[in-house]
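Close look at the chain arrangement
Residues per chain are reported as follows:
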Amino acid sequence: MNMPRGKRDRVFCLIDKDGFGLEIGPSYSPYAPKSQGYAVEIVDHLDTDSLRKKYNYNPRIEEVDYVFDGRSLVEAIGSKERYDWIIASHVIEHVPDVIAFLQDCEALLKPEGVLSLVVPDKRFCFDRFRPHTDASVAIDAHFEGRKRPSPGAVAAGLLYNVFNGGKHSFSAESWAEFQVRFTAEQAKRAMHAARNEYKDCHVWCFTPASFRLLLLDLKCLGFTSLQEATLFPTDTNGSDFIVLLKKSETQGPSREQLMADLEDDLRGGLVIPAIFGNQQRA
């Protein structure tokens with residue numbers, strides 16, 4: 001396969017654009033707009049009118065078909081093996097139960113369907129100083145049946161949250177000093193609030209290799225049959241990576257190789273010196 005040049009081309013590289021798809025959480029930035037002729041349904045966290053009010057009636061917001069309201073995606077949509085493809089950009093890191101999310105996507109896809117994910121690379125966004133997600137926390141969240149981010153995830157999301165040069169995401173080619181964004185007191189208040197209400201945050205933190213390793217482990221443990229079909233690593237001038245998944249019964253890459261790749265990811269991410277400037281407070 002020739003390397004797709006643009007980000008959009010990478011998202012669609014295994015997708016039949018004439019197929020029937022689902023876009024999860026596009027908000028005002030859909031990859032597959034209905035207005036451009038895509039046969040697509042949209043699921044988001046708010047209905048159409050509420051989204052338009054929230055984002056000042058941005059014209060790119062399209063009609064929402066299903067509201068992701070705490071039910072599973074399968075329950076919200078009401079059928080299985082419905083879609084040829086699913087796109088979710090900057091969504092998977094927010095879901096309270098990453099295993100349930102993958103299982104829902106798997107159930108919604110037709111046998112040859114494709115799940116295309118755009119995922120922030122923790123090394124190049126405000127999650128820079130948080131540890132990467134491994135199987136242990138994903139499994140615990142799933143067996144606990146979490147429906148909202150845990151108080152611990154909310155607290156960590158604020159305690160270690162940084163800007164780089166005043167930006168929430170940056171690249172290996174464009175960086176400046178880091179600034180801590182929130183105080184411990186703000187994190188404490190959010191942590192306690194999260195015990196009783198939904199507090200959105202990045203629950204999961206990934207590098208390309210850590211995501212690949214997590215996916216392999218979840219498959220080996222019987223949680224999913226989804227397997228990496230193609231992965232585009234984070235560009236030197238970007239802050240996210242793209243991974244496309246398909247159902248497969250074959251054996252994936254070796255865990256040993258992926259663990260070595262993870263070491264390379266974490267070592268390579270340290271090329272940006274952790275220099276702190278004046279703190280900013282949200």
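Up top you'll find the structure we're talking about.
Residues numbered from 1 in each chain as written. Predicted model: local features only at pLDDT ≥ 70, side-chain atom pairs only at ≥ 80, totals over all residues. Heavy atoms only, no water.

A word on the nonpolar core
Generally speaking, a soluble globular protein has its nonpolar side chains buried in company with each other. Membership of the largest hydrophobic core comes to 48 residues, with the highest contact counts inside it found for I24, I86, I92, F101, L102, L115 and L117. Among the elements that take part in this core, helix α4 (residues 98–108) stands out by supplying six residues, more than any other. Once residues lying within four places of it in the same chain are set aside, the contact partners of F101 are I24, L73, A88, V91, I92, V95 and L117. If you look at the next biggest cluster of nonpolar residues, it comprises 14 residues, including F12, A32, Y38 and F232. (Core = buried A, V, L, I, M, F, W, Y, C linked by side-chain atoms within 4.5 Å. Buried < 20%, exposed > 50% of the residue type's maximum accessible area, 1.4 Å probe, protein only. Helix = DSSP H or I, 4+ residues; strand = E, 2+ residues; numbered from the N terminus. Contact = heavy atoms within 4.5 Å.)

Some words on helix α8 (residues 208–220)
It helps to recall that an α-helix has 3.6 residues per turn; residues three or four apart then point in one direction. For α8, which comprises 13 residues, the first-to-last C-alpha distance of 19 Å matches the rise-based estimate of 18 Å (1.5 Å per residue) to within 8%. In terms of burial, α8 is largely enclosed, as 11 of its 13 residues are buried. Listed in full, the buried residues belonging to α8 are P208, A209, S210, F211, L213, L214, L215, L216, D217, L218 and K219. Looking at the buried positions of α8, the neighbouring elements they touch are α4, β5 (109–120), α5 (135–143), β8 (226–232), β9 (240–247) and α9 (255–268). (Expected span 1.5 Å × (residues − 1).)

Examining the sheet that holds strand β3 (residues 66–67)
Ordered in space as β3-β2-β1-β4-β5-β9-β8, the seven strands form an open sheet in which the pairing is mixed. Whereas interior strands pair on both sides, the edge strands pair on one side only; in this sheet they are β3 and β8. Sheet topology note: the strand β1 (residues 20–24)/strand β2 (residues 39–44) ladder contains five bridges and is parallel. Paired with I24 across the two strands is V43, which belongs to β2. Most of the contacts of α8 go to β8, to which it runs at about 165°, and overall it touches β5, β8 and β9. (Pairing = 2+ DSSP bridges. Axes fitted to C-alpha atoms, helices over the stretch in contact; angles between N-to-C directions.)

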